[in-house]
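Single-letter residue listing:
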Amino acid sequence: QVQLVESGGGLVRAGGSLRLSCAASGRTFSIYTMGWFRQAPGKEREFVSSISWSGGNIYYADSVKGRFTISRDNGKNTVYLQMNSLKPEDTAVYFCAADQLRASAWSTGLELQYWGQGTQVTVSS
């Protein structure tokens, strides 16, 4: 079992930045691919980013490329999502996920085993 707890969400103006954190506990953190999804009101959950256990393979949704940066610290069992140049359309609940599925295969999230409770990100215009 892996337990995931997100933090760092909040309210920010368009153009601002936030850094989300996801702390993992339970089974060995370093063997898992980690990543982020988001779900806006009335919309389906969508993939944001994933990172392999080594950090060597990273993937982003086209909508966040060049603005968001994912990273991980296996010593702290934590994955981060640095979000810059935020836009109102980034408003959503952001969820951390973990699975042994390779980072390149993350898609809808249905294939993933472990999830956090989510943290709200609101970007005002």
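Please refer to the structure higher up on the page.
Just so we're clear, the structure is a prediction, and the values are computed from it rather than from any experiment.

*Asks:* Sorry if this is basic, but what is going on with the side chain of Ser-21 here?
*Replies:* Examined against the element boundaries, Ser-21 turns out to sit in strand β3 (residues 18-26). Residues in contact with Ser-21, not counting those within four places in the same chain, are Val-5, Glu-6, Ser-7, Trp-36, Thr-78, Val-79 and Tyr-80.

*Asks:* Where do I start with the pairing of strand β7 (residues 68-73) in this structure?
*Replies:* The two faces of the sheet receive side chains in turn, since in a regular strand these alternate between them. Alternating residues of β7 divide into Phe-68, Ile-70 and Arg-72, all buried, and Thr-69, Ser-71 and Asp-73, none buried. Two elements, β7 and strand β8 (residues 78-83), share six bridges in a ladder whose sense is antiparallel. The partner of Ile-70 across the bridge, within β8, is Leu-81.

*Asks:* Where do I start with the nonpolar core in this structure?
*Replies:* Buried together is how nonpolar side chains tend to be arranged in soluble globular proteins. Core analysis: the biggest nonpolar cluster contains 33 residues, and Leu-4, Met-34, Trp-36, Leu-81, Met-83 and Tyr-94 have the highest contact counts within it. If you list the elements that add at least two residues to this core, you get β1 (2-7), β3, β4 (33-39), β5 (46-51), β7, β8, β9 (92-99) and β11 (119-124). Sorting elements by how many residues they give to this core places β9 first, with five residues.

*Asks:* Is there a simple way to think about the pattern of salt bridges in this case?
*Replies:* Note on pairing: side chains with opposite charge can pair once their charged atoms come close. Within this structure, the stated rule accounts for four salt bridges. Between Glu-46 and Arg-38 there is a salt bridge, with the nearest N and O atoms lying 2.6 Å from each other. Assessed through its relative accessible area of 6%, Arg-38 is described here as buried. Three or more residues joined by partner-sharing salt bridges are found here, namely Arg-38, Glu-46, Arg-67 and Asp-90.

*Asks:* What is the right way to read the state of the cysteines from this model?
*Replies:* Formally, a disulfide is one covalent bond, and it connects the sulfur atom of one cysteine to the sulfur atom of another. Applying the stated criterion across every chain yields a total of one disulfide. Cys-22 shares a disulfide with Cys-96; S-S distance 2.1 Å. Handedness of the Cys-22-Cys-96 disulfide follows from its S-S torsion of about -80 degrees: it is left-handed. In this pair, Cys-22 is assigned in strand β3 and Cys-96 in strand β9, connecting sequence segments 74 residues apart. Of the two residues examined, Cys-22 and Cys-96, each falls in the buried class.

*Asks:* It is not clear to me how the sheet that holds β7 should be interpreted in this structure. Could you clarify?
*Replies:* The strands making up a sheet are joined through hydrogen bonds of the backbone, oriented either antiparallel or parallel. What the four strands build is an open sheet, ordered β1-β3-β8-β7; its pairing is antiparallel. At either end of the open sheet lies a strand with only one pairing partner, and these are β1 and β7. Neighbour-to-neighbour, the strand axes of the sheet open up by a mean angle of 15 degrees, direction not taken into account. Both β3 and β8 contribute to a ladder of six bridges, which runs antiparallel. Opposite Leu-18, over in β8, you have Met-83 as the bridge partner.

*Asks:* What is the right way to look at the packing of aromatic side chains in this model?
*Replies:* The geometry of an aromatic ring pair comes down to the distance between the two centres and the angle between the two planes. With the rule as written, the count across this model stands at four aromatic pairs. Put simply, the rings of Phe-37, Phe-47, Trp-106 and Trp-115 pair up and form one aromatic cluster. In this structure, Arg-19 is placed above the aromatic ring of Tyr-80, and the distance from its NZ or CZ to the ring centre is 4.0 Å. One Lys or Arg, Arg-45, reaches over the ring of Trp-115 and ends 4.4 Å from the middle of that ring.

Criteria and cut-off values
Residues numbered from 1 in each chain as written. Predicted model: local features only at pLDDT ≥ 70, side-chain atom pairs only at ≥ 80, totals over all residues. Heavy atoms only, no water. Helix = DSSP H or I, 4+ residues; strand = E, 2+ residues; numbered from the N terminus. Contact = heavy atoms within 4.5 Å. Buried < 20%, exposed > 50% of the residue type's maximum accessible area, 1.4 Å probe, protein only. Pairing = 2+ DSSP bridges. Core = buried A, V, L, I, M, F, W, Y, C linked by side-chain atoms within 4.5 Å. Salt bridge = Lys/Arg side-chain N within 4 Å of Asp/Glu carboxyl O. Disulfide = S-S within 2.5 Å. Axes fitted to C-alpha atoms, helices over the stretch in contact; angles between N-to-C directions. Phe/Tyr/Trp six-rings, centres within 6.5 Å; stacked < 30°, edge-to-face > 60°. Lys NZ or Arg CZ within 6 Å of the ring centre and 35° of its normal.

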